[in-house]
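Take a look at the letters that make up each chain.
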Amino acid sequence: MEKMKAVRIHSYGGPDVLVYEDAPIPEPGTEEVRISVHAAGVNPLDWKVREGSMKGIHTLPLILGWDVAGVVDTAGSGVTTIKPGDAVYGLLNMAGNGAYAKYTIAEAKSMAFKPKTADFVHAAAVPVSCLAAWQSLFDLAHLMAGQTVFIQGATGGVGHYAVQLAKWKGARVIGTTSGDSIDFARELGVDEVIDYQKARFEDKVCNVDVVLDLIGGETQKRSWQVVKKGGVLVSTVGISSPEEAAKHGVHGEALRVHPDAQDLTEIASLIDSGKLKPIVADVFPLEEARKAQETVRSGKVHGKVVLKVRD
Ligand SMILES: NC(=O)c1ccc[n+]([C@@H]2O[C@H](COP(=O)([O-])OP(=O)(O)OC[C@H]3O[C@@H](n4cnc5c(N)ncnc54)[C@H](OP(=O)(O)O)[C@@H]3O)[C@@H](O)[C@H]2O)c1
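What counts as what
Residues numbered from 1 in each chain as written. Predicted model: local features only at pLDDT ≥ 70, side-chain atom pairs only at ≥ 80, totals over all residues. Heavy atoms only, no water. Helix = DSSP H or I, 4+ residues; strand = E, 2+ residues; numbered from the N terminus. Near = heavy atom within 4 Å. Polar contact = N/O pair within 3.5 Å; in protein donor to acceptor, adjacent residues only side chain to side chain. Areas by Shrake-Rupley, 256 points an atom, 1.4 Å probe, with all protein chains shown as cover. Nonpolar A, V, L, I, M, F, W, Y, C, P; charged D, E, K, R; others polar. Domains from an automatic or database assignment. Pairing = 2+ DSSP bridges. Salt bridge = Lys/Arg side-chain N within 4 Å of Asp/Glu carboxyl O. Buried < 20%, exposed > 50% of the residue type's maximum accessible area, 1.4 Å probe, protein only.

Visitor: Give a detailed account of unusual backbone geometry, specifying residues and quantitative values.
Guide: In this model, Leu60 is joined to Pro61 through a cis peptide bond whose omega is 0°. Inspection of the secondary structure puts Pro61 in the loop between helix 1 (44-50) and strand 4 (62-63). Phi at His142 takes a positive value of approximately 50°, unusual for a residue other than glycine. Relative to the elements of secondary structure, His142 occurs in the loop between helix 3 (127-140) and strand 9 (148-152).

Set out below in structure tokens:
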């Protein structure tokens, strides 16, 4: 069996369980493609899985990282939408192996053509985070022009896309961040930036149409009161107290991001028309996946962290 370099885990735990090693080159099924991986996005999901938060879903050893940008290498016999040589990007099936590897397998229907104006590193920074922002704001909150959205965690992986997408839609954006990130939030287009370390947001914000909660915990608990009656709070980290939603007359929605090639095609055209910009804070080689995950784990990233797998 032919081998490739990959970063795998054989057990759950800290960064040390990530091993750069040889693994079998995978074969695509009928409706799948094998992708020659050029870059893999790094998300909080990756270290959460590494630490065991989805035990039972995966079999070990497991290749982490479900954001991919690369070139189709081999297509299954039933694939008609993309072909070998196409540059694609997308969100892989989160129940299977990921893209911290020279090759990965993707369901062809989940892959979209890479934005033409983005290199592979910037394309790999898009799928999980931008789909999470898109599906939260547009599919769950139905955000419309003229509404106000309050984004808790406006400068991270999901937040920096959510700000840009909400502005593109014509909404007013209030966002929380802190310290060094304040200027970055303004550059992204946040109309009113709140430093969550210096001010209590509930003293400054009220009656918003939508809260996008990317933080959870106490932040979510304190957020119900700032949404107007009939408004929506969407969280990417789950709704911890549905009774609070009912008490405030607010719809609480928990996002579970899913692969969607059509969303990614629309996102690619926004990127190509200059309306949406993936921001990459740090790029690491595949062998340095531990460092990349620890950077994301710090929770202090402006935008995204990406592994560059091939030159
Ligand atoms: N359910 C799903 O389908 C789904 C999909 C995607 C992501 N997620 C989850 O959504 C969460 C956010 O993901 P992400 O990629 O955006 O994370 P991230 O990139 O790690 O977020 C980091 C950002 O959060 C900000 N932040 C930290 N604490 C804050 C607070 N108390 N108030 C406001 N901002 C704060 C930081 O700003 P400072 O530097 O100023 O602290 C930093 O800019 C993660 O838990 C992730 O696993 C879930």
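Back to the write-up after that little detour.
Visitor: Run through the site of the ligand, naming residues and quoting values.
Guide: The environment of the ligand is made up of 25 residues, and the closest members are Lys48, Thr155, Ser178, Tyr196 and Val257. Thr155 places a polar side-chain atom, nitrogen or oxygen, 2.7 Å from an oxygen atom of the ligand. Measuring from an oxygen atom of the ligand, one finds a backbone N or O atom of Val257 at 2.7 Å. Relative to its unbound accessible area of 940 Å², the ligand is 84% covered by the protein chains. Broken down by secondary-structure element, the contributors of at least two residues to the shell around the ligand are helix 1, helix 3, helix 4 (157-169) and strand 10 (172-177). Its residues placed into classes, the shell around the ligand shows 11 nonpolar, 11 polar and 3 charged. Counting contributing residues per domain, the shell around the ligand is built from domain 1 (3-126 + 278-308) and domain 2 (129-254), each supplying no fewer than three.

Visitor: Can you break down the sheet that holds strand 4 residue by residue, with the values?
Guide: One open sheet accounts for 3 strands, arranged 2-1-4; its pairing is antiparallel. Each edge of the sheet is formed by a strand with only one pairing partner; in this case those strands are strand 2 (18-24) and strand 4. Two strands pair when backbone bridges link them, and strand 1 (residues 3-9) and strand 2 are joined in this way by 7 bridges, in the antiparallel orientation. In the strand pairing of strand 2, Val7 is matched with Tyr20.

Visitor: Talk me through the pattern of salt bridges; I want residue IDs and the actual numbers.
Guide: Summed over all chains, the structure comprises 20 salt bridges. For the salt bridge of Arg50 with Glu294, the shortest nitrogen-to-oxygen distance reads 3.7 Å. Residue Arg50 is found in helix 1, and its partner Glu294 is found in helix 9 (residues 289-297); the two are separated by 244 residues along the sequence. In this structure Glu294 comes out as partly exposed when scored by relative accessible area, which is 35%. The residue Glu202 makes a salt bridge to Arg222 at a minimum N-O spacing of 2.7 Å. Note that Glu202 is positioned in the loop between strand 11 (192-195) and strand 12 (208-213) and Arg222 in helix 6 (residues 217-223), a separation of 20 residues in sequence. Looking at Glu202, the relative accessible area reads 13%, which means it is buried. The exposure class assigned to Arg222 is partly exposed, which follows from its relative accessible area of 23%. One connected set of salt bridges, linked through shared partners, spans Arg50, Glu51, Glu294 and Arg297.

Purely geometric numbers; function is a separate question.
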